[in-house]
Amino acid sequence: MRVIAFHNLKGGVGKTAAAVNIAYLAAESGVPTLLWDLDAQGAASWYLGEAPDIVGEKAARLVKGKTPVGQMIQPTAYDRLDLIPAHPSFRNLDLRLEKDGDKHALRDWLKPLSEDYGLIVLDCPPSLSRLAEQILETADQVFVPIIPSWLSLNSWEQLVEFANEKKMGHKKMHPFLSMVDRRKKVHQEILATKKGPLKGRMHAFIPYASDVEKMGENRCPVDRIRARGPAAIAYRLLWNEVRKVTRI
Ligand SMILES: Nc1ncnc2c1ncn2[C@@H]1O[C@H](COP(=O)(O)OP(=O)(O)O)[C@@H](O)[C@H]1O
Ligand SMILES: [Mg+2]
């Protein structure tokens, strides 16, 4: 079983869009996949058409340390793709992790799932919290969507610094460009740059595309909206690369 995470300390950069589409493509290509929506806002759960309240009470108990993660899993409309929906109590996961001082809680929660899944995808809240620390530690690979602006490069550098501070190294962190609008000069410049903080970035990048926005309305992955559209094609290229990097 492999664990991957989509993380960035900024919100609105395309983490959830990538997590949902990559989890979908993984499942579609035959890998039994579980997507865990760790963001209390529940966008990933929304995209997959789940009603977050069904497991509400169970999720609250996980935060209190009583329920194994497995009991919160729900099937989705797609073969081989399951979901742990978000719950408002996930906001308190940080407090719980802080209080327990248990450095491997997330890893321990996931361990029993290895018999059932080939891949776990973590959709992360935007923060550098205790939870983020455990995510960075537990995930085999961390994929970091970055909107091409000079300011976003800062947040990437901060994440690298954070990982280094925590002695996790940053080798498992892979930036990729997200919401790329080729009409914008700065986007073109950053896309063309082979140097600087993003020099090891992934080749695949996600264009700014209306199909991604439509996920909120249609409540499904972009592949089900327009499989031959630019966004669906870009996520396929990203999935191919994720698969190689993660050795799935
Ligand atoms: N490639 C894209 N093209 C157009 N809109 C996008 C794209 N990626 C994300 N969005 C939109 O931007 C918003 C934030 O995306 P989301 O994936 O939820 O970001 P995050 O999880 O980082 O907060 C959503 O409304 C989403 O529809
Ligand atoms: Mg999100």
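Predicted model only: the values in this text are computed from it and were never measured.

Participant: Could you give an account of a positive patch on the surface, with specific residues and numbers?
Facilitator: On the surface, K58, R61, K64 and K66 cluster together into a patch of positive charge. With respect to the helices and strands, K66 occurs in the loop between α3 (56-64) and β3 (74-75). Take K66: its relative accessible area is 58%, and that puts it in the exposed class.

Participant: Describe the site of ligand 1, with residues and values.
Facilitator: For ligand 1, the set of nearby residues contains 15 residues, the closest of which are G12, K15, T16, A17 and P207. P207 is positioned with one of its backbone polar atoms (N or O) 2.8 Å from a nitrogen atom of ligand 1. Burial of ligand 1 by the protein chains amounts to 81% of its free accessible area of 560 Å². Elements supplying a minimum of two residues to the shell around ligand 1: α1 (15-28) and α9 (210-218). A per-element tally of the shell around ligand 1 places α1 first, with three residues. Of the residues assigned to the shell around ligand 1, the class counts are nine nonpolar, four polar and two charged.

Thresholds, definitions, all that
Residues numbered from 1 in each chain as written. Chains lettered and ligands numbered in written order. Predicted model: local features only at pLDDT ≥ 70, side-chain atom pairs only at ≥ 80, totals over all residues. Heavy atoms only, no water. Patch = residues over 30% accessible without salt bridge, like charges linked within 9 Å, V, L, I, M, F, W, Y side chains within 5 Å. Areas by Shrake-Rupley, 256 points an atom, 1.4 Å probe, with all protein chains shown as cover. Salt bridge = Lys/Arg side-chain N within 4 Å of Asp/Glu carboxyl O. Lys, Arg positive; Asp, Glu negative; His and termini not counted. Charge placed at Lys NZ, Arg CZ, Asp CG, Glu CD. Helix = DSSP H or I, 4+ residues; strand = E, 2+ residues; numbered from the N terminus. Buried < 20%, exposed > 50% of the residue type's maximum accessible area, 1.4 Å probe, protein only. Near = heavy atom within 4 Å. Polar contact = N/O pair within 3.5 Å; in protein donor to acceptor, adjacent residues only side chain to side chain. Nonpolar A, V, L, I, M, F, W, Y, C, P; charged D, E, K, R; others polar.

Everything listed is a geometric property; what it means functionally is a separate question.
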